[in-house]
Amino acid sequence: MYNWILWFHIISMVSWFAVLFYLPRLFVYHVENGTNNGFVEVVEVMEMKIYKYIGVPAFWATFLSGTALIILSTSHYGMNVFAMGGWMHAKLTLVALLVAYFFSLGRYRLKLKENTAYKSGKFFRFYNEIPTLLLMGIVALVVVKPF
């Protein structure tokens, strides 16, 4: 059962990261084409669908399967992942930052829709790099377990 949940966790995470990588790019297009009402209407629909119909379910699937992996590791396999070293604490800290980032995307999406997001395309280009850095850290911690 553990391996199936791990498989599901990885698939869910990939789906969630697709949203984390693409949604801020849509924000760039949204901001930089703000005067083109027809374009903005289409982008707003895309933003909403990607966040609500892909991002939120993928987030919950990732979160719940990750929680299940921790519980199964501890209860069924006798591994206390929190006693294996600081890598799990560091990983969960980066995951918490990623969750905050995800919900900030939802907030920016609503602000863009209300036309109250006073951020530039350059800001969203920079903001778009945050999940890449967090992913690199998370994967490095899980694979290398440096401490």
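As a starting point, this report considers the structure included with it. (Residues numbered from 1 in each chain as written. Predicted model: local features only at pLDDT ≥ 70, side-chain atom pairs only at ≥ 80, totals over all residues. Heavy atoms only, no water.)

Now for the packing of helix α1 (residues 2-32) against helix α5 (residues 130-144). Put simply, α1 and α5 touch, their axes get as near as 9 Å, and they point 145° apart. Contact with α1, carried on its side by Phe17, Leu20 and Phe21, involves Pro131, Thr132 and Leu135 of α5 and no other residues of that element. Classifying every residue of the contact of α1 with α5 by side-chain character gives five nonpolar, one polar and no charged. (Axes fitted to C-alpha atoms, helices over the stretch in contact; angles between N-to-C directions. Helix = DSSP H or I, 4+ residues; strand = E, 2+ residues; numbered from the N terminus. Contact = heavy atoms within 4.5 Å. Nonpolar A, V, L, I, M, F, W, Y, C, P; charged D, E, K, R; others polar.)

Our next topic: the side chain of His9. Position of His9 relative to the elements: it lies in helix α1. Taking the relative accessible area as the measure of exposure, His9 reaches 13% and is therefore buried. In contact with His9, other than residues within four places in its own chain, are Thr62, Ser65, Gly66 and Leu69. (Buried < 20%, exposed > 50% of the residue type's maximum accessible area, 1.4 Å probe, protein only.)

Here we come to the environment of Ile10. With respect to the helices and strands, the residue Ile10 is situated in helix α1. Since its relative accessible area comes to 43%, Ile10 is described here as partly exposed. Sequence separation between Ile10 and Thr74 is 64 residues, and the spatial gap between their C-alpha atoms is 19 Å.

Take the layout of surface pockets next. Approximately 680 Å³ is the volume found for the largest pocket. Along its surface, the largest pocket is lined by 30 residues, and His9, Gly66, Leu69, Lys91 and Val142 are the ones closest to its centre. Elements supplying a minimum of two residues to the lining of the largest pocket: α1, α2 (37-75), α3 (87-113) and α5. Residue composition of the lining of the largest pocket, grouped by class: 23 nonpolar, five polar and two charged. What lines the second largest pocket is His30, Val31, Gly34, Asn37, Val40, Glu44, Leu112, Asn115 and Ala117. (1 Å grid on protein atoms, 1.4 Å probe; cavity = no way out; pocket = protein on both sides within 12 Å on 5 of 7 lines; lining within 4 Å. Points joined across faces, edges and corners; volume = space filled by probe spheres on them.)

Time to look at the nonpolar core. Counting 30 residues, the largest nonpolar core has Trp16, Leu20, Leu23, Phe27, Leu98, Phe102 and Leu105 as the members making the most contacts within it. Here the element with the most residues in this core is α3; it accounts for 10 residues. Setting aside residues no more than four positions away along its own chain, Phe102 makes contact with Trp16, Val19, Leu20, Tyr51, Gly55, Val56 and Phe59. (Core = buried A, V, L, I, M, F, W, Y, C linked by side-chain atoms within 4.5 Å.)

Here Lys91 is to be found in helix α3. In contact with Lys91, not counting residues within four places along its chain, are Ile138, Leu141 and Val142.

Moving on to the pattern of salt bridges. Here the structure, examined in full by the defined rule, presents one salt bridge. With a closest N to O distance of 2.5 Å, Arg125 and Glu32 form a salt bridge. One end of the pair, Arg125, is in helix α4 (residues 121-127); the other, Glu32, is in helix α1, and 93 residues separate them in sequence. On the accessibility criterion, Arg125 (35% relative accessible area) is partly exposed. (Salt bridge = Lys/Arg side-chain N within 4 Å of Asp/Glu carboxyl O.)

Turning to unusual backbone geometry, a few remarks are in order. Phi is positive for Asn115, close to 60°, though the residue is something other than glycine. Within the secondary structure, Asn115 is located in the loop between α3 and α4.

Scanning the model with the defined rule gives 19 aromatic pairs in all. A ring pair is formed by Trp16 and Phe17, whose centres lie 6.1 Å apart and whose planes are at 65°; its orientation type is edge-to-face. Taken together, the aromatic side chains of Trp16, Phe17, Phe21, Tyr51, Phe59, Trp60, Phe63, Phe102 and Phe103 make up a single cluster linked through ring pairs. Between the NZ or CZ atom of Lys119 and the centre of the ring of Phe123, over which it lies, the distance is 4.7 Å. In this structure, Lys145 is placed above the aromatic ring of Trp87, and the distance from its NZ or CZ to the ring centre is 4.8 Å. (Phe/Tyr/Trp six-rings, centres within 6.5 Å; stacked < 30°, edge-to-face > 60°. Lys NZ or Arg CZ within 6 Å of the ring centre and 35° of its normal.)

Keep in mind these numbers describe shape, not what the thing actually does.
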